[in-house]
Amino acid sequence: MGKHLEKLAVELGSAQTGCVTSDEVLIPLKKAVDIMQLGVTITDMQRKILYTNIADARMHGYEVAELIGRDVRIFALASSHNDLVPEYMQNLSHWSRDTLNCRKDGSVFPVRVTSDVVKEVKDGTLSGIAIVATCEDITERKRSEETLHLRQQVIESSTNGIMITDTTQPENPIVYVNPAFGRITGYDLQEVIGRSINFLLGEDQEQIEFIKIYAAMHEHREGNAVLRSYRKDGSLFWNELSIFPVLEEDGTIAHFVWNINDVTEREQHEELLEYQANHDALTGLPNRNLLADRITQSLANANRYKHQVAVLFIDLDNFKFVNDSLGHALGDRMLVILADRLHKCIRSGDTVARYGGDEFVVVVSYLEKSEDAATVVHNIQEQMFLPLTIDGHEFGVTCSIGISVYPKDGHDVDTLLKNADVAMYRAKEHSRNTFRYYTSEMNDRVVERMIIERHLRHALEREEFEVHYQPQIELINGRITGVEALLRWNSPELGMVCPDRFIPLAEETGLIVPIGEWILTTSCRQNKAWQEAGLPPLTMAVNLSARQLQKKDLAGLVEKILQETGLDPHFLELELVESMVMRDVESAAAIMKELKKLGVQLAMDDFGTGHSSLSYLKRFPFDKLKIDLSFVRDIMTDPDSAAIARAIIAMAHNLNLRAIAEGVETEEQLEYLRLHGCDEIQGFYVSKPVPAHVLEKLLREDGRLWKPSGPN
Ligand code: C2E
Ligand code: MG
Ligand code: MG
């Protein structure tokens, strides 16, 4: 080893022991090496450590004295000892590399080692070589590099587009975009760097939602908005944009991160759903939902600007005939064509909607005077009547139109529609292809009946009916032994319509036949379901109408329903009112016999209101008499009613029938009936007719709605 190198090493080493030479340069130099964080080692060519500073020894978990004279490979992993061919052997020059070093305790840590060769040349020949190496613990740096790398990877591989902008520049230019940004927008990195992000909004810069983003940027906080954005090729995509401020160490904001989520599919799906909820599937016209909105909006405007609004209710004449004779498919095609014609008759601010089957509604807004609606009506009727050919069939379509006008004929959607409907009926009554303005005189019972009838025709197919069940209890023990099935009609147009208003109509029109079949099936199926759910068996009482009795094969129908639903006939009870059976005693008796043969039970409903005589009663195979509620109502106040009720009970028992009282509303009535031997009761005192799930709850709870106080 060269002399002065040796001297340097010795002197550097002796600095730790406080032995300082007088050399002016060496003193501060030694001091510097001692206090620096970087490890410094000097080794000879045999890898022997000649010198190491405190930092280097500590970094490796040693004292300095332990290291002097040791092989420098003490720091290297055993596995890499052989790799440590000193670089100076190869080129004798400066080198630097990252590697792993070992501490005294065996733990391993990353380091950056930089070495250089110090050569001593004497008289032109190389007289000595030493290697000076610095060693830096790079654990922290490695860790943050790895984290950074990981983050970079996440950003690069994200499916969301990510941009970074520089808020310190006036235009907040883009300084970075990830690959997904390119995939979503079609732009290259080079095309967007340095630009303000506004170009993504294309010509569509005035988007209200963007205000949210501006506000967030201004206030240096997070923000998000759903924006219409445009790809490089001009196509639209829905951009769910979120921005996040990046906080610098000094608390300022120099960058924003922009997250772009392409939600086009979701938005389109939502749009589609909204469209479907508001439009008629066949014609694409607004449906009732949207119609109601549009009318409401028109009324609000009309109110503000003192205009009038006309609602035209349009019903095609004889459309049923087309449908029935040429088929629904052709009928549908006709409706589509007519919808299109109607659409062409209206101004842009007006609405044409499909109301139902062959009914359309036109809303004419901004009317100066109500007579102006007639002009629109004429135009519509003219357009509709234009020749129309489908599959070689030629049609001349006419329609009847009713007009109601806001504010004169109503202040809300329902009233205006209903009155326009009434007027349409009046028009149709008069002759086809005409129109009528609504007048208050029109709104009489006849028209109401007509309207109910029209809606009733669709109620079954539109599933507007429901069956409620009213418990019947045995007076001996208070147990529910049966229920009466009672029809309920929840009409979207008319609201809840009570049976007294529509059942007579359903009878008149014959609609009761399909409706009655539906009730029978529904209630038998329900009864079977309760039994299968383990509830106590009940008798299901179902009302029959005169029309059903007149149908030839009533027993056949009942048998079929029992088979289909699997209900034991014994648990079905059919209620007939006396007027029904008295009309044609012979045939009624024959039908009832057939029904009895099936095993079902028969009850006479509303008993006491007709003119039955005991002799007739004997001819019918009834099991039960139901005392009409009119007697029960007055039982405590009117001695005649009380006498009739008692007589019916006695008569029933004489004939070996059970007596049930309906319409029991008070405890006194119940006690009176019990005292006089009535077998069962039914009435609000015990329970109103309730939906199936409510009844099921009652049955599960106890099965008793009233408990007798006596020894029973
Ligand atoms: P109904 O067969 O005599 O039915 C009993 C009626 O009395 C039911 O009226 C019931 O809700 C009502 N009611 C029960 N308990 C009380 C009470 O404590 N006080 C009072 N004031 N009323 C009570 P709802 O349901 O309005 O039915 C009326 C009528 O409509 C029925 O008289 C029946 O004739 C007919 N109806 C109901 N559902 C059907 C059905 O599915 N088919 C047929 N053909 N007719 C039905
Ligand atoms: Mg009844
Ligand atoms: Mg009754």
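Residues numbered from 1 in each chain as written. Chains lettered and ligands numbered in written order. Predicted model: local features only at pLDDT ≥ 70, side-chain atom pairs only at ≥ 80, totals over all residues. Heavy atoms only, no water.

Undergrad: Explain the domain arrangement of the protein here, please?
TA: Here the protein is partitioned into domain 1 (2–138), domain 2 (158–268), domain 3 (279–439) and domain 4 (453–701). Put simply, the middle of domain 3 and the middle of domain 4, counted by C-alpha atoms, are 43 Å apart. On the domain 4 side, the residues contacting the nine residues of domain 3 number five residues. Buried surface at the junction of domain 3 and domain 4, summed over both partners, amounts to about 470 Å²; 29% is from carbon and sulfur atoms. It is Arg-288, Glu-359 and Tyr-425 in domain 3 that bury the most area against domain 4; as a group they hold 60% of the surface buried on that side. (Domains from an automatic or database assignment. Contact = heavy atoms within 4.5 Å. Buried area = accessible area lost by both parts, 1.4 Å probe.)

Undergrad: Looking at this model, I keep getting lost on the sheet that holds strand E3 (residues 95–102). Mind explaining?
TA: For sheets, the rule is that strands pair by backbone hydrogen bonds, running either parallel or antiparallel. The strand order across the open sheet built from five strands is E2-E1-E5-E4-E3, with neighbouring strands paired in antiparallel fashion. Of all strands in the sheet, those with a lone pairing partner are strand E2 (49–52) and E3, marking the two edges. Ignoring strand direction, the axes of neighbouring strands in this sheet form an average angle of 30 degrees. Where strand E1 (residues 39–44) lies against E2, three bridges are found, and the strand directions are antiparallel. By the bridge assignment, Thr-43 is partnered in E2 with Ile-49. Here helix H6 (residues 139–157) sits on the sheet and contacts E3, strand E4 (108–122) and strand E5 (125–137); the angle it forms with E4, its principal contact strand, is near 125 degrees. (Pairing = 2+ DSSP bridges. Helix = DSSP H or I, 4+ residues; strand = E, 2+ residues; numbered from the N terminus. Axes fitted to C-alpha atoms, helices over the stretch in contact; angles between N-to-C directions.)

Undergrad: What should I look at first to understand the sheet that holds strand E16 (residues 399–406) in this one?
TA: Reading across the sheet, the five strands line up as E12-E13-E11-E16-E17 and stay open at both edges, with mixed pairing between neighbours. Each edge of the open sheet is held by one strand with a lone partner, namely strand E12 (351–356) and strand E17 (435–437). The sheet shows a mean angle of 20 degrees between the axes of neighbouring strands, direction not considered. Taken together, the seven bridges between strand E11 (residues 308–316) and strand E13 (residues 359–367) define a ladder with antiparallel strand orientation. Opposite Gln-308, over in E13, you have Leu-367 as the bridge partner.

Undergrad: Which parts of the structure should I look at to understand the pairing of E1?
TA: The side chains of a regular strand alternate, first on one face of the sheet and then on the other. Of all six residues in E1, six are buried, a share of seventy percent or more. Residue alternation in E1 divides its side chains into two sets, Gly-39, Thr-41 and Thr-43 and Val-40, Ile-42 and Asp-44, and both sets are buried. Bridge count between E1 and E5: six bridges; the pairing is antiparallel. Paired with Ile-42 across the strands is Val-132, a residue of E5. (Buried < 20%, exposed > 50% of the residue type's maximum accessible area, 1.4 Å probe, protein only.)

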